[in-house]
Amino acid sequence: MQQNLFVYNTLSRKKEKFEPLNAPHVGMYVCGPTVYSDVHLGNCRTYISFDLIFRYLTQVGYKVRYVRNITDAGHLEGDTDQGEDKISKKAKLAQLEPMEIVQKFTVGFREVLQIFNCLPPSIEPTATGHIIEQIELIKVMLERGYAYEVDGSVYFDVEKYNSTHDYGVLNGRNLEDLLNNTRALGGQDDKKGKLDFALWIKAKPEHLMKWPSPWSIGFPGWHLECSAMSHKYLGDQFDIHGGGIDLVPTHHTNEIAQNIACCDKNPARYWIHTNMLTVNGQKMSKSLGNSFLPHELFTGEHSILERGYSPMTVRFFILQAHYRSTLDFGNEAMDASDKGFKRLMNAITLLDTLKASGSSDIDITPLRQHCYDAMNDDFNSPVLIAELFEAVRIINSVHDGKMKIDAANLEILKNTIQIFVFDVLGLENEQAANDDLPKVMDLVINLRNEAKINRDYATSDKIRDGLQKIGFQLKDSKEGTNWSKI
Ligand code: AMP
Ligand code: ZN
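Residues numbered from 1 in each chain as written. Chains lettered and ligands numbered in written order. Predicted model: local features only at pLDDT ≥ 70, side-chain atom pairs only at ≥ 80, totals over all residues. Heavy atoms only, no water.

### Some words on the overall build of the protein
Stage number 1. A tally of regular secondary structure across the protein gives 16 helices and 15 strands.
Stage number 2. Of all 486 residues assigned to the protein, the portion counted as buried reaches 51%.
Stage number 3. Long-range pairs, those at least 24 residues apart, make up 73% of the contacts in the protein with a sequence separation of at least 6.
Stage number 4. Total accessible area on the protein stands at roughly 22,500 Å², and carbon and sulfur atoms take up 50% of it. (Helix = DSSP H or I, 4+ residues; strand = E, 2+ residues; numbered from the N terminus. Buried < 20%, exposed > 50% of the residue type's maximum accessible area, 1.4 Å probe, protein only. Contact = heavy atoms within 4.5 Å. Areas by Shrake-Rupley, 256 points an atom, 1.4 Å probe, with all protein chains shown as cover.)

Shown next as structure tokens:
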């Protein structure tokens, strides 16, 4: 277990020593996507950052229960308490069931994260699977006087709550400040105060996703699902709550208020927020029209892209920035990451060929410690990557015969690479996989040639057509058979 891990806590606005409530167990909740459209690269940045955190905590010996929800109901347009449910709206447009939309984009989300080599969370609960738990929390808040009902809808009473607690604790704003900066939404609902937010919303007849409750047939407010699910799987209070920094002012502020209103505890001791992926300095977002999808980045098929990049190059690009810094997307920055990633992977490929000497010019132990130090300093992946380039320099020097390394240090070097490049940063050597492809293709082509020699044309055609189907074209000539990717 790492005793020296420091984590920046949005709550205290400083780095704090990480001390889990119940070590070696760690409870971590991260707000998941609203599954009404494809996730864009900005969303992926947030989930890749938490994957890094999950991987490191696991690496140093914690038993992490990582809960990341799927928002499949209750998230209304413009993040408000009015307007249409984002999923229902999409379903009506596509003439599909809301659950068909949910299924499509949940599967898509999981596929994308798998391509980026993100580990699956321990539990991936859905809002619609926890309606009963949400209703139970509303009952508690009503009983304890923090909520009120108006005409079938239930609202959280922010001013009442703030009279005994600090509503703006997460972003360090006081209530007056917040009130002055919030516009009233034209009196379209029955809230008592401008900052009050819905816990339960009575459904209009045309609303598709609705459930019975003691107050009305309706649906839960967006912020409530995370309180219900984090509470159910991680308890009154757990270790880490995370999400993008854009969730601080409203979603997470309201989650804290709800949890305290229910059980007098801030749900999490450490609030971790990732910064935004930007394009020309502007947050990447679907509504601003500057977002693109991961597969557009892989193929290069988007107007702002000059070419495509492999998934691991993109993951490397994301991890080259600290999760609390903004990261601006650009073609040059991607090219630089592509070069850096290849340099790292080329050296790792060489590592297996290095021979140990009887003596060593280098002691690898400090390098390994520096890698831990970087991650212990609030998961500082750019500093970790800089240390790994020191390892690259050593590998290349040993390979070129300019430096000697003994067996013990070579073992530590290999172990450090395994831990930090593969297990913690979660990178994969795509090149190694590609290097094997020509060998595999040679084998398949030889099998086809043998079939042809034996006049077994059924088999030789089957091989050619099968390859064609998965994107490989064979060309026969006098010199032999060549293959290419279609
Ligand atoms: P949503 O599906 O809109 O609730 O967003 C899912 C997650 O992606 C949230 O944690 C957001 O904070 C995060 N997110 C949205 N846009 C970006 C961005 N441009 N950069 C990084 N994270 C983002
Ligand atoms: Zn949430």
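### Concerning the site of ligand 1
Stage number 1. Of all residues adjacent to ligand 1, which total 15 residues, the nearest are Gly 42, Thr 46, Asp 246, Leu 277 and Met 284.
Stage number 2. Take Asn 43: an N or O atom from its side chain is 3.1 Å from an oxygen atom of ligand 1.
Stage number 3. Contacts to ligand 1 include Thr 46, whose side-chain N or O atom sits 2.7 Å from a nitrogen atom.
Stage number 4. Considering ligand 1 on its own, with 500 Å² of exposed area, one finds that the protein chains cover 90% of that surface.
Stage number 5. The greatest single-element share of the shell around ligand 1, amounting to four residues, is contributed by helix α1 (residues 41-59). (Near = heavy atom within 4 Å. Polar contact = N/O pair within 3.5 Å; in protein donor to acceptor, adjacent residues only side chain to side chain.)

### Looking at the pattern of salt bridges
Stage number 1. Summed over all chains, the structure comprises 22 salt bridges.
Stage number 2. Notably, a salt bridge pairs Arg 315 with Asp 51, separated by 2.8 Å at the nearest N-O pair. Taken together, the residues Arg 315 in helix α10 (residues 311-319) and Asp 51 in helix α1 connect sequence positions 264 residues apart.
Stage number 3. For Asp 51, a relative accessible area of 2% translates into the label buried.
Stage number 4. Asp 157 is paired through a salt bridge with Lys 192; the nearest N and O atoms lie 3.6 Å apart. With Asp 157 in the loop between β6 (153-156) and α5 (158-162) and Lys 192 in the loop between α6 (175-180) and β7 (197-202), this pair connects stretches of sequence that are 35 residues apart.
Stage number 5. One salt-bridge network, in which partners are shared between bridges, spans Arg 307, Asp 335, Asp 338 and Lys 342. (Salt bridge = Lys/Arg side-chain N within 4 Å of Asp/Glu carboxyl O.)

### Structural notes on the nonpolar core
Stage number 1. Residues Leu 57, Leu 344, Phe 379 and Phe 420 are the most contacted members of the largest nonpolar core, which totals 93 residues.
Stage number 2. No other element matches α1, which puts ten residues into this core.
Stage number 3. Taken domain by domain, this core gets at least three of its residues from each of domain 1 (20-274) and domain 2 (278-431).
Stage number 4. Residue contacts for Leu 344: discarding those within four places in its chain leaves Phe 316, Leu 388, Phe 389, Val 392, Val 421 and Leu 427.
Stage number 5. In this structure, Leu 224, Cys 226, Leu 247 and Trp 271 belong to the second largest nonpolar core, which totals 40 residues. (Core = buried A, V, L, I, M, F, W, Y, C linked by side-chain atoms within 4.5 Å. Domains from an automatic or database assignment.)

### Some words on the packing of α1 against α10
Stage number 1. Orientation of α1 relative to α10, taken along the N-to-C sense of each, is 75°, at an axis distance of 10 Å. Between α1 and α10, the crossing angle belongs to the class labelled roughly perpendicular. Note on element contacts: α10 touches α1 through Val 314, Arg 315, Ile 318 and Leu 319, opposite Leu 41, Arg 45, Ile 48, Asp 51, Leu 52 and Arg 55. (Axes fitted to C-alpha atoms, helices over the stretch in contact; angles between N-to-C directions. Parallel < 35°, antiparallel > 145°, perpendicular 65-115°, else oblique.)

### Some details on the UniProt feature "binding site: Zn(2+)" (unreviewed entry) in the protein
Stage number 1. In the numbering used here, UniProt assigns the "binding site: Zn(2+)" (unreviewed entry) feature to Cys 31, Cys 226, His 251 and Glu 255. The greatest C-alpha distance among the residues just named is 10.9 Å, despite their covering 225 residues of sequence, which places them together in space.
Stage number 2. As for its placement among the helices and strands, His 251 is situated in helix α8 (residues 248-263).
Stage number 3. The class of His 251 is buried, set by a relative accessible area of 3%.
Stage number 4. If we skip the residues at most four places from it in the chain, His 251 touches Cys 31, Trp 222, His 223 and Cys 226.
Stage number 5. Side chain to side chain, His 251 and His 223 meet in a polar contact 2.9 Å long.
Stage number 6. If we skip the residues at most four places from it in the chain, Glu 255 touches Cys 31, His 223, Cys 226, Ser 227, His 241 and Pro 267. (UniProt positions renumbered as here; feature names shortened; annotations may be inferred.)

### Considering the domain arrangement of the protein
Stage number 1. You can read the domains of the protein as domain 1 (20-274), domain 2 (278-431) and domain 3 (434-485).
Stage number 2. For domain 1 and domain 2, the distance between their C-alpha centroids amounts to 34 Å.
Stage number 3. Opposite the 27 residues of domain 1 that make contact, domain 2 presents 38 residues.
Stage number 4. Of the roughly 2,600 Å² buried between domain 1 and domain 2, counting both surfaces, carbon and sulfur atoms make up 68%. (Buried area = accessible area lost by both parts, 1.4 Å probe.)

### Some points on the packing of helix α2 (residues 86-94) against helix α3 (residues 98-115)
Stage number 1. At a minimum axis separation of 8 Å, α2 and α3 run at an interaxial angle of 105°. With respect to α3, the element α2 is oriented roughly perpendicular. When α2 is examined against α3, the residues Ile 87, Lys 90, Ala 91 and Ala 94 are found in contact with a partner set consisting of Pro 98, Ile 101, Val 102 and Phe 105.
Stage number 2. Here the contact of α2 with α3 is composed, by residue class, of seven nonpolar, no polar and one charged. (Nonpolar A, V, L, I, M, F, W, Y, C, P; charged D, E, K, R; others polar.)

### Description of the packing of aromatic side chains
Stage number 1. As enumerated under the stated definition, the model contains 17 aromatic pairs in all.
Stage number 2. When the ring of Phe 292 is compared with that of Phe 329, the centres are 4.8 Å apart and the planes differ by 70°; the resulting orientation is edge-to-face. Here the residue Phe 292 occupies a position in the loop between β12 (282-283) and α9 (294-299), and Phe 329 occupies one in strand β13 (residues 327-329), the gap between them amounting to 37 residues. When sorted by exposure, Phe 292 lands in the same class as Phe 329, which is buried. (Phe/Tyr/Trp six-rings, centres within 6.5 Å; stacked < 30°, edge-to-face > 60°.)

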